[in-house]
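Now for the letters of each chain:
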Amino acid sequence: MARTENLTGIGSPFAGSRPTKAHAVAVHRWFSARWVLIAVVLVAWFVYCPIVDNFIVSTTYEDIYSGETEFVGLDNYARLLDDPVVWTALGNNVLYAVISILFQVFAAFVLAAIVEGLESDRLRRFWRAVYFIPSAISITVTGLLFYFVYQPRTGLLDAFLSAVGLGNLSLPWLGSEQTAIYAVIAMSQWQGFGYSALLFGLAIQKIPRELYDAAIMDGAGPLRRLFAITFPMTREMTGLMVIVTITGAFQVFNEIMVMTAGGPNNASQVLGTWLYQQGFIQNDFGYGAAIAAVIFVVTLAAGLAQLWYTRRRRVEL
Amino acid sequence: MKRSSLVVALATASVLALSTAPGLARDAVVADPDAKVDYNGTLSVLTKFGLQQLSPYFVNVAKAYEALHPGVKIELIQESDDSIKGKTKTLVASNSLPDVYFSWTGSWGENFVRGHRAVDLSKVIGPDTPWGKTISPAAVKAFEYNGKLYGIPLYLDAKFMGYSKPLFDKAGIAVPKTFEELLASCDALKKSGTTAIALGNKEAWPALHYIGQLVAYNVPTATLERDFDPAKATFDDPGYVAALDQFKQLADRCTDGAAVNGTSYASALQSLSNGDSAMYYQEIIEFDQSAAADTKLKRDEFGFFRLPPPAGAKGDVKAIEGAPEGYMISAASRNIPLAIDFMKFVTSPANAKVLSAPPYGQPSATIGGASPSDMNPAVVEGLKDIAEADYLMPWLDTANTPRVAAAWLSSIQALLGGTMTADQVMASVKKASAADAKRK
């Protein structure tokens, strides 16, 4: 009874009615529903309203200085199709995703499997620390660091090439339209590789040791164990990493801004930086919002596809 | 109504509401010269002095003002040349412009005026007003839009080629008098094992400054000014292509070529200061950073000259690229008289002299605010050159609309990298200009 009295507080439609067990349950439900409702409102307001708002803004042309807004329908989306920089940026995002999947999913998985397969606990801890350290550095700091690594002539990379007699391979890494995006992607892999490997390591640690023991008794070698046990048993983590990598590749921004600002001649532009430049440099928020909508659709599609795939192929013990 | 229909209806209603809304149309705000100053409250100030060397200037001025008026707090937001561009637009978009904010002249400042974001200062800074009489009239006029004055010029700026006297001596060359002599000097410097010109074009605007000066030499001034107006711009004068071809020659013979697109402006400046490069095209406000007590290149080893004009140039060979830079007062400020009073303090002769002298070296726009005895002699000489110029060529990236500026910036990176020709650069600029005209 005391609980019921406490729950029938101010605002309850049941205040003053005769307390019964059914009544108490109803009151409890109403009380809980109020908190759920608050959560729903907050999530809708702060998570989903901005998304809807972005789609609305993408159908307008807004002059930020005067605040005047003009409804332009789907003009911004039509303009997207005719904008060669959008296609370059989209291509760079896809390139980013493909290379990141190779390094941050498959290569990181192999590295984690090798490290977790080491007999010595001390060695395992040592290598985990070695490959994880770059991930602990801010991406902006890493971008600046690699900006100096790639400096023509004086940078670490060109100095190394000269030192080993390969000076003729020196290139303006960030200054050339042909190499700029690859130079930035390479830095991202260096930075993100260890984090992915660490997550794979955690997934591998959860695999029951007995499975490996049984496989060894059946004569399975390291490669066989990798593909027959480790890979299927970490499928969910692999799926998750693919989603995170693809969405990350479409949200990339900081490293491009720090290292090339999208140049030279927009060759290293990605959708995120082009969005920023359209919105905040060229004052065209509507067009920027249309680019944001493309990023949203692509990342949502990637996420849904990967979720569907991992659910369908889940391995139960 | 089905749920999906409801969502569509709501979205459509929102869009219609947006499209038919009157916007945020504001009335023009005019400063009243007789308004009483209320020395209470906080004044926010957005500066372009975020660099380590420059930032103490506004910090010290703010402290001095607060000491004079204990009821006032100055809130400084200090940004660098690059970061202020994005920051300002973010503040505009969120209706959070500070009471006082930095502005370039040209199209950049015009945006604030068009959007009624800036206070009309004509009655307080006009040539016949007490304050106006203390500031260079030409500098004040640079912030004139629609016959009204909106800016408070803080310092004068122009572009010069700084050089290292020891490296010129080592290569056995003298200050070039023509563009062709400059190219020949580069060959001699390269032979002596020195990078002739340090150019860092990662930010894309440093190369545009060369183009700006060369365009002023090659394109008649009237044509140039017509092309600054999006409604009339054609960009079809052959002088543009000539200027771009000249710049390409300079880039190929004097700089690291395509590598400059991966080098920052600051790194290039350091290259001159460290004695690694013989020349660096810089603003007069950077003279005190190029050669100082703690740099390898000492002040007496630093020289400068105007980018020499090419033979047969069809434009104004006495033009110099540069413009005053200054501040505007936000039309939304709650204490406009206080903001004006603070800027009167900033531009007072005493503070102007501090600004003009090392380590700041920003030649003040205040009359009598530059004391040659306290200033770097190179800055004093540079100011004479500015005074003798026929025409001040504005920065192309702030004089043009953002879309046209973006076309210039990216295309010139391509020109440097060898993936676009001068004709293709101009085609790109024309295309952007046409798109702008359509929008207007």
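In the nomenclature of an unreviewed UniProt entry, chain B is known as Extracellular solute-binding protein of Segnochrobactrum spirostomi. Regarding chain B, the UniProt comment filed under Sequence similarities (unreviewed entry) reads as follows: "Belongs to the bacterial solute-binding protein 1 family." Listed under Subcellular location (unreviewed entry) in UniProt, the entry text for chain B is "Periplasm".

As recorded in an unreviewed UniProt entry, chain A goes by the name Sugar ABC transporter permease, listed as coming from Segnochrobactrum spirostomi. According to UniProt, the comment filed for chain A under the heading Subcellular location (unreviewed entry) is "Cell membrane".

## Some thoughts on the overall build of chain B
When helices and strands are counted, chain B shows 19 helices and 13 strands. Against the globule reference of 22 Å for 440 residues, chain B gives a C-alpha radius of gyration of 23 Å, in line with a compact fold. Taking the principal axes of the C-alpha coordinates as reference, chain B spans close to 75 × 60 × 40 Å. Here chain B holds 440 residues, and the buried ones make up 57% of them. Sequence-distant contacts in chain B: of pairs separated by 6 or more residues, those separated by 24 or more amount to 75%. With the model as given, the accessible surface of chain B reaches about 17400 Å², and the carbon-plus-sulfur share is 56%. Of the charged side chains in chain B, 43 are positive and 47 negative; the average position of the first set lies 6 Å away from that of the second.

## A closer look at the sheet that holds strand 8 (residues 195–197) of chain B
Hydrogen bonding along the main chain pairs the strands of a sheet, whether they run parallel or antiparallel. All names here are of chain B. If you walk across this open sheet you meet the 4 strands as 8-9-7-10, and the pairing is mixed. Bordering the open sheet on either side are strand 8 and strand 10 (302–305), each of which pairs with just one other strand. Ignoring which end each strand starts from, the neighbouring axes of this sheet average 25 degrees apart. Across 4 bridges, strand 7 (residues 159–164) lies against strand 10 in antiparallel orientation. Residue pairing for strand 10: S164 is matched across the bridge by F302.

## Details of the environment of D245 of chain B
Here D245 of chain B lies in helix 11 (residues 238–254). As for D245 of chain B and K430 of chain B, which are separated by 185 residues in sequence, their C-alpha atoms are 17 Å apart.

## So, the nonpolar core
Within the largest apolar cluster, 143 residues are counted, with the highest numbers of intra-cluster contacts made by F247, M279, I329 and W408 of chain B. Among the elements that make up this core, the one with the highest residue count is helix 9 (residues 205–218) of chain B (9 residues). Residues in contact with F247 of chain B, not counting those within four places in the same chain, are L199, A207, Y210, I211, L214, I412, L415 and L416 of chain B. By size, the runner-up hydrophobic cluster in this structure holds 56 residues, among which are A112, V184, I204 and I229 of chain A.

## Let's talk about the domain arrangement of chain B
It is common to report an interface's size as the accessible area lost on association of the parts. Residue and element names in this part refer to chain B. Segmentation of chain B into domains returns domain 1 (3–157 + 323–369) and domain 2 (159–321 + 398–439). A C-alpha centroid distance of 30 Å is found between domain 1 and domain 2. Of the residues lining the interface, 21 residues belong to domain 1; the matching set on domain 2 comes to 12 residues. Summing both sides of the interface, domain 1 and domain 2 together bury roughly 1300 Å²; the carbon and sulfur share of this comes to 48%. Sorting the residues of domain 1 by area buried against domain 2 places Q53, S107 and D157 first, and these three jointly supply 34% of that buried surface. For the pair domain 1 and domain 2, the number of links is 0 salt bridges. Inspection of the region where domain 1 meets domain 2 yields 7 residue pairs in polar contact (both at pLDDT 80 or more). Taken together, the residues that form the side of domain 1 that touches domain 2 break down as 10 nonpolar, 6 polar and 5 charged.

## Describing the interface of chain B and chain A
Each partner contributes residues to the interface: chain B has 38 residues there, and chain A has 38 residues. At the boundary of chain B with chain A, the tally comes to 1 salt bridge. Split by residue class, the side of chain B that touches chain A holds 13 nonpolar, 17 polar and 8 charged.

Thresholds, definitions, all that
Residues numbered from 1 in each chain as written. Chains lettered and ligands numbered in written order. Predicted model: local features only at pLDDT ≥ 70, side-chain atom pairs only at ≥ 80, totals over all residues. Heavy atoms only, no water. UniProt positions renumbered as here; feature names shortened; annotations may be inferred. Helix = DSSP H or I, 4+ residues; strand = E, 2+ residues; numbered from the N terminus. Rg over C-alpha atoms; globule rule 2.2 N^0.38 Å. Buried < 20%, exposed > 50% of the residue type's maximum accessible area, 1.4 Å probe, protein only. Contact = heavy atoms within 4.5 Å. Areas by Shrake-Rupley, 256 points an atom, 1.4 Å probe, with all protein chains shown as cover. Lys, Arg positive; Asp, Glu negative; His and termini not counted. Charge placed at Lys NZ, Arg CZ, Asp CG, Glu CD. Pairing = 2+ DSSP bridges. Axes fitted to C-alpha atoms, helices over the stretch in contact; angles between N-to-C directions. Core = buried A, V, L, I, M, F, W, Y, C linked by side-chain atoms within 4.5 Å. Domains from an automatic or database assignment. Buried area = accessible area lost by both parts, 1.4 Å probe. Salt bridge = Lys/Arg side-chain N within 4 Å of Asp/Glu carboxyl O. Polar contact = N/O pair within 3.5 Å; in protein donor to acceptor, adjacent residues only side chain to side chain. Nonpolar A, V, L, I, M, F, W, Y, C, P; charged D, E, K, R; others polar.

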